[in-house]
Amino acid sequence: MANTYTQIHIHFVFAVKFRDGIMQANWVEDLYKYMTGIIQNNNHKLLAINGMPDHIHILIGLRPAQSISDLMKDVKQSSSKWINENKLTSRHFEWQEGYGAFSHSKSQINQVINYIQNQELHHKKKTFIEEYIDFLEKVEIDYDEKFIFKE
């Protein structure tokens, strides 16, 4: 739409079903490239992508023409299908239901990118669940622990 100007930065976090650490170093970079393509094909700007064997972080510049839920549905469904079609795991791959989506101001972007790029370092100190609950509490999102990425 003409005369529409936005600056929307969203940090997504989501996990492998049951938080299984099955994303392997020998194919995860190709997964990140595939997900980048999905995001770019939906006219969003990828700013950072990285993760651990059991979860992933993605930071994007979101275009308001698509809802967050529609984008996440596309990213998760398409990437699961890609992983399974390429037989990258010994069993059927699925993402856990749900995701975290956290907004950030432009002044926070470099800090968030640094955080995403240094996942291995962060997870020497905190588990994924500790990290995720810290995100929720920092931005004051009410949550029910029984729904936090079940094992």
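Computed from a predicted model, the values in this text were never measured in an experiment.

Judged by how many residues are buried, strand E1 (residues 9–15) sits mostly within the fold: 7 of 7 residues are covered. Burial of the side chains of E1 extends over both faces: His9, His11, Val13 and Ala15 are buried on one face and Ile10, Phe12 and Phe14 on the other. Bridge count for E1 against strand E3 (residues 55–61) is 7 bridges, and the pairing is antiparallel. By the bridge assignment for E3, isoleucine 10 is matched with isoleucine 60. Judged from the 5 bridges that link them, E1 and strand E4 (residues 100–104) form a sheet pairing that is antiparallel. Looking at E4, one finds that histidine 9 is bridged to histidine 104.

Going through the model one piece at a time under the given rule, you end up with 8 aromatic pairs. Aromatic side chains tyrosine 34 and tryptophan 82 sit 5.1 Å apart centroid to centroid with 15 degrees between the ring planes, which places their arrangement in the stacked category. Taken together, the positions of tyrosine 34 in helix H1 (residues 25–41) and tryptophan 82 in helix H2 (residues 68–85) put the pair 48 residues apart, joining distant regions of the chain.

Side chains carrying opposite charge are able to pair once their charged atoms draw close together. Inspection of every chain in the model, using the stated rule, returns 4 salt bridges. One salt bridge in this structure joins glutamate 94 and lysine 17, with 3.5 Å as the shortest N-O distance. Here lysine 17 lies in the loop between E1 and H1 and glutamate 94 lies in the loop between H2 and E4, a separation of 77 residues in the sequence. Notably, a salt bridge pairs glutamate 85 with lysine 81, separated by 3.9 Å at the nearest N-O pair. Of this pair, glutamate 85 and lysine 81 are both found in helix H2, 4 residues apart, which corresponds to roughly one turn of the helix. For the pair glutamate 85 and lysine 81, a shared accessibility class is recorded, and that class is exposed.

With that settled, the discussion passes to H1. Because an α-helix completes one turn every 3.6 residues, residues spaced three or four positions apart along the sequence face the same direction. With 17 residues, H1 extends 25 Å from end C-alpha to end C-alpha; this agrees with the ideal 24 Å at 1.5 Å per step. Among the residues making up H1, those that are buried are Trp27, Val28, Leu31, Tyr32, Met35, Thr36, Ile38 and Ile39. At its buried positions, H1 is contacted by E1, strand E2 (45–52), E3 and H2. Directly after H1, the chain includes asparagine 43, whose backbone phi takes a positive value near 65 degrees.

Procedures and definitions
Residues numbered from 1 in each chain as written. Predicted model: local features only at pLDDT ≥ 70, side-chain atom pairs only at ≥ 80, totals over all residues. Heavy atoms only, no water. Buried < 20%, exposed > 50% of the residue type's maximum accessible area, 1.4 Å probe, protein only. Helix = DSSP H or I, 4+ residues; strand = E, 2+ residues; numbered from the N terminus. Pairing = 2+ DSSP bridges. Phe/Tyr/Trp six-rings, centres within 6.5 Å; stacked < 30°, edge-to-face > 60°. Salt bridge = Lys/Arg side-chain N within 4 Å of Asp/Glu carboxyl O. Expected span 1.5 Å × (residues − 1). Contact = heavy atoms within 4.5 Å.

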